[in-house]
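# Structural description and commentary
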Amino acid sequence: MINLQRVLEATKDHANVVVPELDRLVKLDPYLAPYQDEIRRRYYIFQKLLKQLESEEQGIDVFTSAYKHFGIHINSQTNEINIKEWAPGAKAMYIRGDFNNWQEKQYPFTRDQWGIWRGTIPHLPDGSPAIKHGQAIKLLLETSDGELVDRICPWSCYVQRPEKSNVYHGVFYNPPEDQIYKFKYSQPKKRDRLKIYEAHVGISSSKEEVSTYENFRINIIPHIVKQGYNTIQLMAIMEHSYYASFGYQVTNFFAASSRYSTPEELKALIDEAHKHGLTVILDLVHSHSSKNVLDGLNMFDGTAGCFFHDSPRGYQTLWDSRCFNYLTREVMRFLLSNIRYWLEEFKFDGFRFDGVSSMLYHSHGLAHHVIQTLFPESITIAEEVSGMPTLCRPLAEGGAGFDYRLAMAIPDLWIKFLRDIRDEDWQIGHITWTLTNRRWSEKNVAYAESHDQALVGDKTIAHWLFNEQIYSHMSVFAERTPVVERGLALHKMIRLVTYILGGEAWLNFEGNEFGHPEWLDFPREGNNESYKYARRLFYLFEDDTLRYKYLKAWDKAMNDLEEEYKWLTATNAFVSRKNEGDKVIVIERGDRNLMFIFNFHVSNSYTDYRIGCGQSGKYKVVLDSDAKSFDGHGRINDQQIFVADNIMWDDRPFSFQIYTPCQTVLILASLEAKN
């Protein structure tokens, strides 16, 4: 058996290890040269673990297939039910439930030397399984002090909350063959230029209720497709007994949340997304676990350890949760199998890993080795705040292997500006610095706001901009106040400048594409269990008399423009102007020489304003935030052609003059550049 602690300590031989593409990494970033020894050490540990898993566990393929034999399974040949659990601290284990009228010790398990318990329930006299599909079940454990405690199987794929109870129970999930969803559509190949729609199934309705997988499939996916997104990131899918945790207090890691319906409905949702060519990413929470005992992993075997550190290190006080002991072999088996389970059984196309910073130094690339070996078309995104180098570089270079990291500093920038700084005092250079301050050759997901900014206690960008007038002045018949004028302008500008400069992928949280007017607050004791703010008011953009339709149109226009010009993968971004006095930013990005002219000044519009450019010839207008189709004033003639002069400006070889109205952005494309 693997002693991972010993592996971590046995690193004295790492100096001679060969990291296949380390030279390439150091060439990309010479500042990493002094840290080559540390990179070799990490790679050595990663390789040593792989070799031990190969020799002791029959390799990664077998090791990560544990979900197929751990937990509660039916033998399709004999209809016996076999149970296999890891609970090293337990003195005894049994199973009980509806099937045996909750008798306590009818079915005792046996234990091996590694703390793995096994039990078998024979079939009934008529040959049918003793436990029927949908029946409630629980494991019964005897703790070291002799107490009998109920627990949910950690590998359960379906759990439910009984009516008038806050505690979930396990459900024997064995639907008839005709009720098992059969996938019809192929998964998309690994794509770049991600345009991500971050969504939560439960809030995806205008009604005060918990919405369903079916509603999302029927009503939300068409909206996502129409808006031009190519990727869905689904939150709060892994079961979490506390709805208000937003899915980040996971209790049952293999269970798709039953509050939205069955696993088969989730599979149908994902298949429908694939039908439209969408990539579907799961928000995966392996950084910590709910501290629930009765329906979670905490105290599973009666001890504070088992899946977690049995020390202060095992408690995350900020999140009020438990921290995994990643050095334990069975924890590694559990979590790596969990990765495989979601990719294999539900056809997810990748993950957004939550809270990566808390587990960076213990993963050693194993998770990505599993993903890239068994599911090479999958995409991974890291939520990570430390800025650790090589996070998004290949394993062969000694990196962690992620495809993207979230550009988490950007939303903080916008909230600080909107909350604390007058528009007149916005520092243009600080905006461009924050948007471009990322590691070269490590891709970022740019976003102006995500679910974090929508939660109660914070405000969305739309809410910051419009304040109370978001409730009173969003009608096209209402007075167009200075607050509304500013809000409409800056909402468009903030999102586009982030989209252009902030990364190699783009993310929008559900509802923000049309300036959703309210925060998110899930039903809880503090709000009288209200669902009023646990929903998305999609009807707002469908009402032709409200201005939300214009923000939605701008969101679609941004995505459509990126789809045409493909700037997210362009490497030739150039900020030629960031004028603090004029409050003007000029950006060139893309092989077809897109020019983005942002005028953030609160009142100054500029006539005959000279703009430097890298391409000679003619330029046309391809997008204008001031267009009437986006509730602007229509001050720019979108048929106008701009001809570049042979005049150097802002260190660019050519230039032309334009009219740039205050608080607008104008996008031009070269007519000379090749398609």
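Looking at an unreviewed UniProt entry, one finds the protein named 1,4-alpha-glucan branching enzyme and attributed to Rotaria sordida. The Sequence similarities (unreviewed entry) comment attached to the protein in UniProt states, word for word, "Belongs to the glycosyl hydrolase 13 family. GlgB subfamily." Listed under Catalytic activity (unreviewed entry) in UniProt, the entry text for the protein is "Transfers a segment of a (1->4)-alpha-D-glucan chain to a primary hydroxy group in a similar glucan chain."

### Topic: the overall build of the protein
Secondary structure summary: the protein contains 17 helices and 30 strands in total. On C-alpha atoms alone, the protein measures out to a radius of gyration of 27 Å, which is about the 26 Å that the 2.2 N^0.38 rule sets for 675 residues. The principal-axis extents of the C-alpha atoms in the protein amount to approximately 90 × 65 × 45 Å. At a minimum sequence separation of 6, the contacts of the protein that also span at least 24 residues come to 72%. Summed over all atoms, the accessible surface of the protein reaches about 27,100 Å², with 48% contributed by carbon and sulfur.

### What about the sheet that holds strand β4 (residues 110-111)?
On the basis of which strands lie adjacent, the open sheet formed by four strands has the order β1-β2-β5-β4 and antiparallel pairing. Each of the sheet's edge strands pairs with one partner strand only, and the pair in question is β1 (71-74) and β4. Alignment of strand β2 (residues 81-86) against strand β5 (residues 116-121), held across six bridges, turns out to be antiparallel. Within the sheet, the bridge partner assigned to Trp-86 lies in β5 and is Ile-116.

### Looking at the packing of helix α10 (residues 409-420) against helix α15 (residues 482-501)
Orientation of α10 relative to α15, taken along the N-to-C sense of each, is 155°, at an axis distance of 12 Å. When the axes of α10 and α15 are compared, the pair comes out roughly antiparallel. Seen from above, α10 lies across α15 with right-handed handedness. Facing α10, whose interface residues are Ile-410, Trp-414 and Leu-418, α15 presents Arg-486, Ile-494, Val-497 and Thr-498. Partitioned by chemical class, the residues of the contact of α10 with α15 number five nonpolar, one polar and one charged.

### Considering the domain arrangement of the protein
By domain assignment, the protein separates into domain 1 (194-567) and domain 2 (571-670). The C-alpha-based centres of domain 1 and domain 2 are spaced at 32 Å. Listed by partner, the interface residues are 33 residues for domain 1 and 32 residues for domain 2. Buried surface at the junction of domain 1 and domain 2, both sides included, amounts to about 3,100 Å², of which 69% is carbon and sulfur. The interface formed by domain 1 and domain 2 includes two salt bridges. Of the charged contacts, one joins Arg-547 and Asp-631 as a salt bridge, the two residues approaching to 2.7 Å between their closest N and O atoms. Seen at the junction of domain 1 and domain 2, the total is twelve residue pairs in polar contact (both at pLDDT 80 or more). Considering each element in turn, the side of domain 1 that touches domain 2 owes the most residues, twelve residues, to α15. For the side of domain 1 that touches domain 2, the class distribution of residues is 19 nonpolar, four polar and ten charged.

### Quick notes on the sheet that holds strand β20 (residues 404-406)
Taking strand neighbours around the barrel as the criterion, the eight strands line up as β10-β11-β14-β18-β19-β20-β21-β22 in a closed arrangement whose pairing is parallel. Recorded for the sheet is a direction-independent mean angle of 30° between the axes of neighbouring strands. Bridge count for strand β18 (residues 350-353) against strand β19 (residues 379-382) is four bridges, and the pairing is parallel. Paired with Arg-352 across the bridge in β19 is Ile-381.

What counts, and at which threshold
Residues numbered from 1 in each chain as written. Predicted model: local features only at pLDDT ≥ 70, side-chain atom pairs only at ≥ 80, totals over all residues. Heavy atoms only, no water. UniProt positions renumbered as here; feature names shortened; annotations may be inferred. Helix = DSSP H or I, 4+ residues; strand = E, 2+ residues; numbered from the N terminus. Rg over C-alpha atoms; globule rule 2.2 N^0.38 Å. Contact = heavy atoms within 4.5 Å. Areas by Shrake-Rupley, 256 points an atom, 1.4 Å probe, with all protein chains shown as cover. Pairing = 2+ DSSP bridges. Axes fitted to C-alpha atoms, helices over the stretch in contact; angles between N-to-C directions. Parallel < 35°, antiparallel > 145°, perpendicular 65-115°, else oblique. Left-handed = near helix turned anticlockwise from the far one by under 90°. Nonpolar A, V, L, I, M, F, W, Y, C, P; charged D, E, K, R; others polar. Domains from an automatic or database assignment. Buried area = accessible area lost by both parts, 1.4 Å probe. Salt bridge = Lys/Arg side-chain N within 4 Å of Asp/Glu carboxyl O. Polar contact = N/O pair within 3.5 Å; in protein donor to acceptor, adjacent residues only side chain to side chain.

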